[in-house]
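Descriptive structure summary
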Amino acid sequence: MKGSDEGRELVVGLDPVRDWHLPLAWAADEAHRRRLGLHLVVAVPSQRDSHHAGGTLRQIALRQAGERVLEEGLNWARDRHPELGVTSDLLEGSPASVLGDLSHGVRMLVLGSRHLSRTEEFFSAGALVIPVAAQASCPVVVVGDAEHVTQQPPYVVVGIDGSESSKAALAFAYAEADLRGAELRAISVGQTPVFRLHDEEAALQSQRRMLHETTAGWPEKYPDVVLKHEVPVGHPVEELATAAEHALAVVVGRRGRGGYSGMHLGSVVHGLLHRAHCPVVTVPVE
């Protein structure tokens, strides 16, 4: 995935022991819309990481399951979009590290979600979503629930807070809405100040002004996309998740990378990965 093809592929990580159809369907459809190649990846622990016979046998079983999943996934994706260019790789190493490395030079990375609890995220060997989303160099799409394609009109939600990361999310969300023929709901969540009445209204006015300033100029770039501004008051995770209840996707920016063991992730992004019932897209600052 180097050279002239750099940035022309969409990578989807498949879990050899979980159902992979939902993330692969999203990835295949998106690659087809964007005219990208689709690259399927299964990552299994290296044999040198297995210190006893049981670990080695498990690694062999995972490799066999991975090979089977890749073959099935290739055929399934090609049946879904016969003209789509689809390739695959079975790679050795820590799945989170392998997928994080693959994020360099590709258009986006798609993962399924097991909806793990926060404790499971830290202690499950198969927990990928949080560490990969925290470290990836490209947008990461987490498909834990199906997009709501029957909603009319279809819409995409983007969270805006005026930061550079939310501006990157806005750029992605506009392009996605344009590709889908969908509306774009730009949402900046206001939180009720300690002093209410005048202070609350002043804070909301400031929030609305920031939202309009951040989205200024974008309607001219995407004249076919209907843009709606919303400034609900409440907790950012709950308000964004509620707004995205019937959305094609919810898009949010991500500040920085890494953290302790690669697990540090913004509280809003982290919360949405647990709470939202549609695909969640995290976009890093370029």
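Here's a quick rundown of the structure. Keep in mind that what you see is a predicted model, and the values were worked out from it rather than measured.

Counting secondary structure elements, the protein contains ten helices and ten strands. Counting over 286 residues, the protein shows a buried share of 50%. Considering only intrachain contacts with a sequence separation of at least 6, the fraction spanning at least 24 residues in the protein is 80%.

Here we come to the packing of aromatic side chains. Per the counting criterion, the structure on display carries four aromatic pairs. Arranged with centres 6.2 Å apart and planes meeting at 10°, the rings of tryptophan 218 and tyrosine 222 form a pair that is stacked. Each member of the pair, tryptophan 218 as well as tyrosine 222, is classed as buried. One aromatic cluster is present, formed by Tyr174, Trp218 and Tyr222 through successive ring pairs. Taking NZ or CZ as reference, arginine 185 lies 4.8 Å from the ring centre of tyrosine 155, over its face.

This next bit is on the environment of valine 280. Relative to the assigned elements, valine 280 resides in strand β10 (residues 280–284). Between the C-alpha atom of valine 280 and that of aspartate 145, which follows or precedes it by 135 residues, the distance is 9.2 Å. Sequence-distant contacts of valine 280, defined by excluding residues within four places in its chain, comprise Val140, Val141, Val142, Val250, Leu272 and Leu273.

Moving on: the pattern of salt bridges. Scanning all chains against the criterion turns up twelve salt bridges. Measuring nitrogen to oxygen at the nearest pair gives 2.8 Å for the salt bridge that ties aspartate 29 to arginine 80. In this pair, aspartate 29 sits in helix α1 (residues 21–34) while arginine 80 sits in helix α2 (residues 53–80), placing the two residues 51 residues apart along the sequence. Under the relative-accessibility criterion, aspartate 29 is labelled buried at 15%. Here lysine 167 and glutamate 164 are joined by a salt bridge, their closest N and O atoms 3.3 Å apart.

With that settled, consider the packing of helix α9 (residues 236–243) against helix α10 (residues 267–275). Two numbers describe how α9 lies on α10: the axes approach to 9 Å, and their chain directions differ by 45°. It follows from the interaxial angle that α9 and α10 lie oblique. In the packing of α9 onto α10, the handedness of the crossing is right-handed. Between α9, through Pro236, Val237, Glu238, Leu240, Ala241 and Thr242, and α10, the contact on the second element is made entirely by Ser267, Val268, Gly271, Leu272 and Arg275. Here the residues of the contact of α9 with α10 sort into six nonpolar, three polar and two charged.

So, on to the nonpolar core. In this structure, Leu14, Leu38, Leu40, Val158, Leu184 and Val251 are the most contacted members of the largest nonpolar core, which totals 50 residues. When residues in this core are grouped by element, the largest group, seven residues, is from helix α6 (residues 164–180). Those residues in contact with leucine 38 that sit more than four places away from it in its chain are Leu10, Val12, Leu24, Ala27, Ala28, Ala31, Ala77, Leu84, Gly85, Val86 and Thr87. Of all hydrophobic cores here, the second largest spans 35 residues; its members include Leu102, Leu111, Val132 and Cys138.

Cut-offs used in this document
- Residues numbered from 1 in each chain as written.
- Predicted model: local features only at pLDDT ≥ 70, side-chain atom pairs only at ≥ 80, totals over all residues.
- Heavy atoms only, no water.
- Helix = DSSP H or I, 4+ residues; strand = E, 2+ residues; numbered from the N terminus.
- Buried < 20%, exposed > 50% of the residue type's maximum accessible area, 1.4 Å probe, protein only.
- Contact = heavy atoms within 4.5 Å.
- Phe/Tyr/Trp six-rings, centres within 6.5 Å; stacked < 30°, edge-to-face > 60°.
- Lys NZ or Arg CZ within 6 Å of the ring centre and 35° of its normal.
- Salt bridge = Lys/Arg side-chain N within 4 Å of Asp/Glu carboxyl O.
- Axes fitted to C-alpha atoms, helices over the stretch in contact; angles between N-to-C directions.
- Parallel < 35°, antiparallel > 145°, perpendicular 65-115°, else oblique.
- Left-handed = near helix turned anticlockwise from the far one by under 90°.
- Nonpolar A, V, L, I, M, F, W, Y, C, P; charged D, E, K, R; others polar.
- Core = buried A, V, L, I, M, F, W, Y, C linked by side-chain atoms within 4.5 Å.

The values reported here are purely geometric and, on their own, carry no functional implication.
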